[in-house]
Amino acid sequence: MKTYIIGNWKMNFTVGESSLYLHKLLTKLHFYRDIEVIVAPSALALQPLSLQTNRRKIKLAAQNIFYRDYGPYTGEFSVAQVRSLVDYVIVGHSERRHIFHESDKDIKLKVAAALRGGLTPILCIGETESERTFGETADVLKDQLLGGLADVSREELSKVIVAYEPVWAISGHGSSAVASPLDVADVFVLLRKTLKETYGPKLSAEIPLLFGGSVKSLNAESYLSLADCNGLLIGGASLIFSEFNDIIEITKQIKND
Ligand code: PGA
């Protein structure tokens, strides 16, 4: 299975800054057989960056989509509108769930819409700090995982990526907490077990599990070396070119690409 290194730029960088960053990254990176490097710029930058990028080296992701194909949905864009620009779309990021009040139903529909349009959804799941404090982590994660996949057929399942991002460990929201690799390992076991019980061993083994939440070059190895970790979703550190580049280098060394 490939290792996915994804930079989620969130609402940062102008189109010009995004283009400059991509240019630097394209100059630096080679083609890696087993490492998929993906950046998720703002929606405004997707069109120019799609013309600029070399998809063999760096692929693009949208940070969000709406699940309808077209129509009176002010401020939204559809899979049909973005599918020629990107290969991936992030769905259900905790900022979408908690700041923009996306429901499990919205997320399920978005995952299905992405697949219908030929995009790979990166389904984000994660417990909040209070859910963790009250011992609800396992239930929340199972609900978000199976809820997000509820409309996915068995044939489509291997095209989904799952990213575990504990909300309390995501940078930029006032807390400096980080998840310990041991805790992340436990969650990966839970997720793989849940997938196995629901879809059987073969299909469940085909779904990449990523970690995200305050990942930096300093701690990337500790997560990447976990047995079941198939990649990283990186927010804040991906905004710093040297950090993102170092994480890719570390991944190359660990995965021997
Ligand atoms: P962070 O964000 O790396 O800044 O914690 C990760 C994410 O929200 O995807």
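Criteria and cut-off values
- Residues numbered from 1 in each chain as written.
- Predicted model: local features only at pLDDT ≥ 70, side-chain atom pairs only at ≥ 80, totals over all residues.
- Heavy atoms only, no water.
- Axes fitted to C-alpha atoms, helices over the stretch in contact; angles between N-to-C directions.
- Helix = DSSP H or I, 4+ residues; strand = E, 2+ residues; numbered from the N terminus.
- Parallel < 35°, antiparallel > 145°, perpendicular 65-115°, else oblique.
- Left-handed = near helix turned anticlockwise from the far one by under 90°.
- Contact = heavy atoms within 4.5 Å.
- Nonpolar A, V, L, I, M, F, W, Y, C, P; charged D, E, K, R; others polar.
- Disulfide = S-S within 2.5 Å.
- Buried < 20%, exposed > 50% of the residue type's maximum accessible area, 1.4 Å probe, protein only.
- Expected span 1.5 Å × (residues − 1).
- Arc of directions from axis to C-beta.

**Q** Would you mind going over the packing of helix α1 (residues 15-28) against helix α2 (residues 43-52) with me for this structure?
**A** Where α1 meets α2, the axes come as close as 10 Å, and the angle between the chain directions of the two elements is 30 degrees. By the angle between their axes, α1 is roughly parallel relative to α2. Where α1 crosses over α2, the two elements pack in a sense that is right-handed. In this structure, α1 contributes Val 15, Ser 18, Ser 19, Leu 22, His 23 and Leu 26 to the contact, and α2 contributes Leu 44, Ala 45, Pro 48, Leu 49 and Gln 52. Per-class residue counts for the contact of α1 with α2 are 7 nonpolar, 4 polar and no charged.

**Q** Would you mind showing me how to read the state of the cysteines here?
**A** Cysteine pairs can be covalently joined through their sulfur atoms, and such a bond is termed a disulfide. Applying the stated criterion across every chain yields a total of 0 disulfides. Cys 124 takes part in no disulfide bond, and the closest cysteine sulfur to it belongs to Cys 229, at a distance of 14 Å. Judged by its relative accessible area of 2%, Cys 229 falls in the buried class.

**Q** Looking at this structure, I do not really get α1. What am I missing?
**A** Residues three or four positions apart in an α-helix share a direction because the helix packs 3.6 residues into each turn. The terminal C-alpha atoms of α1 lie 20 Å apart, and with 14 residues this matches the ideal 20 Å at 1.5 Å per residue to within 8%. The set of residues buried in α1 consists of Ser 18, Tyr 21, Leu 22, Leu 25 and Leu 26. Projected down its long axis, α1 carries its buried residues within an arc of 135 degrees, all on one side. Turned more than 90 degrees from where α1 packs its buried face, Leu 20 and Thr 27 sit exposed. Close packing links the buried residues of α1 with β2 (35-40), α2, β3 (58-62) and α11 (241-255).

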